[in-house]
Amino acid sequence: MPELPEVETVRRGLAPAMEGRVIERAEVNRPDLRWPLPEGMADRLTGARVGLLRRRSKYILADLDTGESLLIHLGMSGRMLVSGVMLGDFHLDHPAPQKHDHVVLHMEGGARVTFNDARRFGAMDLVRTDREAAHWLLAGLGPEPFGNDFHESYLVTALKSRKSPIKTALLDQRLIAGLGNIYVCEVLHRAGIDPRRAANRIAGARIAALVPIIREVLAEAIEAGGSSLRDHRQADGELGYFQHAFRVYDREDAPCTTCATPIRRIVQGGRSSYFCPSCQR
């Protein structure tokens with residue numbers, strides 16, 4: 001599942017083709033993805049001008065001049081691909097239509113934005129912009145890691161009564177929005193914290209120190225275009241490269257980059273946790 005850096009990378013790739021431009025024609029090629037698509041979606045998108053493209057947690061929001069926002073969730077295999085425009089030094093020609101091109105936006109200026117999702121675990125919806133905080137996918141999300149509401153005092157207070165393992169607590173989207181399995185593993189390694197430790201048994205100073213580390217790891221991943229392990233692609237179709245900088249994630253039995261101890265893998269809450277048994281306490 002794409003995490004915050006992958007979604008932010010896609011948002012940044014879409015912005016030059018979408019922001020300030022009219023959706024001249026919208027094609028909706030099936031009635032549903034993971035859930036049913038909104039009624040009249042093609043008509044509601046066609047002719048709308050896109051304002052700001054935003055990210056909330058693992059969702060992209062495209063504000064429209066109709067008073068609605070297009071909510072996009074990539075799911076496990078969804079891709080938002082841009083063609084027909086210059087991205088960087090390259091002109092991306094329109095590819096031939098593909099079987100799993102479920103929603104296609106023909107933008108003013110000749111760009112085409114295609115939502116392709118082979119497994120259909122992604123989602124799209126139209127929501128009133130002034131009511132988006134109450135949308136069932138967004139309601140209850142915690143603060144953004146780069147936002148002003150996410151700070152040392154907040155995290156220390158939020159975790160002081162949590163008896164669950166610190167890895168599980170940090171994955172709770174009600175606590176921090178957008179942080180997922182890959183980056184929690186990397187954060188805990190840099191912080192030297194064992195993922196099995198109960199959150200409320202970790203000293204406040206160590207919890208507070210997680211805030212800048214979380215921001216550091218996410219910023220590095222965004223700069224690298226996210227992590228491409230299976231399906232993630234940037235908006236121009238390129239891979240992300242942060243997986244080459246992993247210190248622990250997906251490195252079972254490989255030497256720790258700090259002390260050379262073999263990396264261990266355990267399962268927590270149905271997800272793999274990777275850590276160094278020597279560096280992380």
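Position labels on residues start from 1 in each chain and follow its written sequence. Given that this is a predicted model, residues contribute local features only at a pLDDT of at least 70 and side-chain atom pairs are listed and counted only at 80 or more, while totals for whole chains, interfaces and linings are drawn from all residues. By convention in this description, side-chain values take in all heavy atoms of the structure and omit both hydrogens and water.

S.K.: Outline the packing of helix H1 (residues 4–18) against helix H6 (residues 204–223), supporting the account with residue identities and numerical values.
M.R.: Axis definition: a line fit to C-alpha positions, over the contact stretch in the case of helices; interaxial angles, taken between N-to-C directions, run 0 to 180 degrees. Numbering of helices and strands starts at the N terminus; helices are DSSP runs of H or I of at least 4 residues and strands are runs of E of at least 2. It is at 9 Å that the axes of H1 and H6 come closest, and there the two elements cross at 45°. On the basis of the axis angle, H1 is oblique to H6. Pair H1 / H6 crosses with right-handed handedness. Each of Leu-4, Pro-5, Glu-8, Thr-9 and Arg-12 in H1 lies in contact with H6, whose residues at this interface are Leu-218, Ala-221 and Ile-222. Under this grouping Gly is polar, as are all residues other than the nonpolar Ala, Val, Leu, Ile, Met, Phe, Trp, Tyr, Cys and Pro and the charged Asp, Glu, Lys and Arg. Grouping the constituent residues of the contact of H1 with H6 by class yields five nonpolar, one polar and two charged. Orientation categories follow fixed angle ranges, with anything under 35 degrees roughly parallel, anything over 145 roughly antiparallel, 65 to 115 roughly perpendicular, and all other angles oblique. Crossings are classed by handedness, with left-handed meaning an anticlockwise turn of the near helix from the far one by less than a right angle and right-handed meaning a clockwise turn. What makes two residues a contact is simply this: any of their non-hydrogen atoms within 4.5 Å.

S.K.: Break down the pattern of salt bridges for me, with residues and values.
M.R.: When their charged atoms lie close together, side chains carrying opposite charge are able to pair. Here, a salt bridge means any Lys or Arg side-chain nitrogen found within 4 Å of an Asp or Glu carboxyl oxygen. This structure, assessed with the given rule, holds 18 salt bridges. Close ionic contact of Arg-55 with Glu-144 constitutes a salt bridge, the shortest N to O distance being 2.7 Å. Taken together, the residues Arg-55 in strand S2 (residues 50–56) and Glu-144 in the loop between strand S10 (123–128) and helix H3 (152–159) connect sequence positions 89 residues apart. We classify Arg-55 as buried; its relative accessible area is 17%. Taken together, the shared-partner salt bridges in this structure form one network comprising Glu-8, Arg-11, Arg-12, Arg-55, Arg-56 and Glu-144. Three labels apply to residues, based on accessible area from a 1.4 Å probe with only protein chains included: buried if under 20% of the type maximum, exposed if over 50%, partly exposed otherwise in between.

S.K.: Requested: an account of H1, with residues and values cited.
M.R.: The length a helix should cover is 1.5 Å for every residue beyond the first. With 15 residues, H1 should reach 21 Å at 1.5 Å per residue; the first-to-last C-alpha distance of 20 Å fits that figure. Burial of H1 is extensive: 13 of the 15 residues sit out of reach of the surface. The first or second residue beyond H1 is Gly-20, which carries a positive phi of 80°.

S.K.: Report on the sheet that holds S10, specifying residues and quantitative values.
M.R.: Paired strands, in this sense, are two strands between which DSSP finds at least two bridges. Within the open sheet, the four strands sit side by side as S2-S3-S4-S10. Their pairing is antiparallel. Of all the strands in the sheet, the pair left with one neighbour each is S2 and S10. Taking the axes of each pair of neighbouring strands and ignoring which way they run, one obtains an average angle of 20° across the sheet. Of the strand pairs in this sheet, S2 and strand S3 (residues 59–64) are connected by five bridges, and their pairing is antiparallel. Along S3, the bridge assignment pairs Val-50 with Leu-64. The strands that H1 touches are S2 and S3; relative to S2, the one it contacts most, it runs at about 175°.

S.K.: How would you explain the packing of aromatic side chains if you had to name every residue and give the values?
M.R.: Pairing of aromatic side chains here covers Phe, Tyr and the six-membered ring of Trp, requires ring centres within 6.5 Å, and sorts the geometry by plane angle: under 30 degrees stacked, over 60 edge-to-face, intermediate tilted. The final tally for this structure, using the stated rule, is four aromatic pairs. Between Phe-246 and Tyr-249, the ring centres sit 5.5 Å apart and the planes meet at 80°, which makes this aromatic pair edge-to-face. Each member of the pair Phe-246 and Tyr-249 is classed as buried. Relative to Tyr-274, the ring of Tyr-249 lies with its centre 5.1 Å away and its plane at 70°, an arrangement referred to as edge-to-face. Of the two residues, Tyr-249 is situated in the loop between H6 and strand S11 (264–268) and Tyr-274 in strand S12 (residues 271–275); the sequence distance between them amounts to 25 residues. Owing to a relative accessible area of 14%, Tyr-249 belongs among the buried residues under this scheme.

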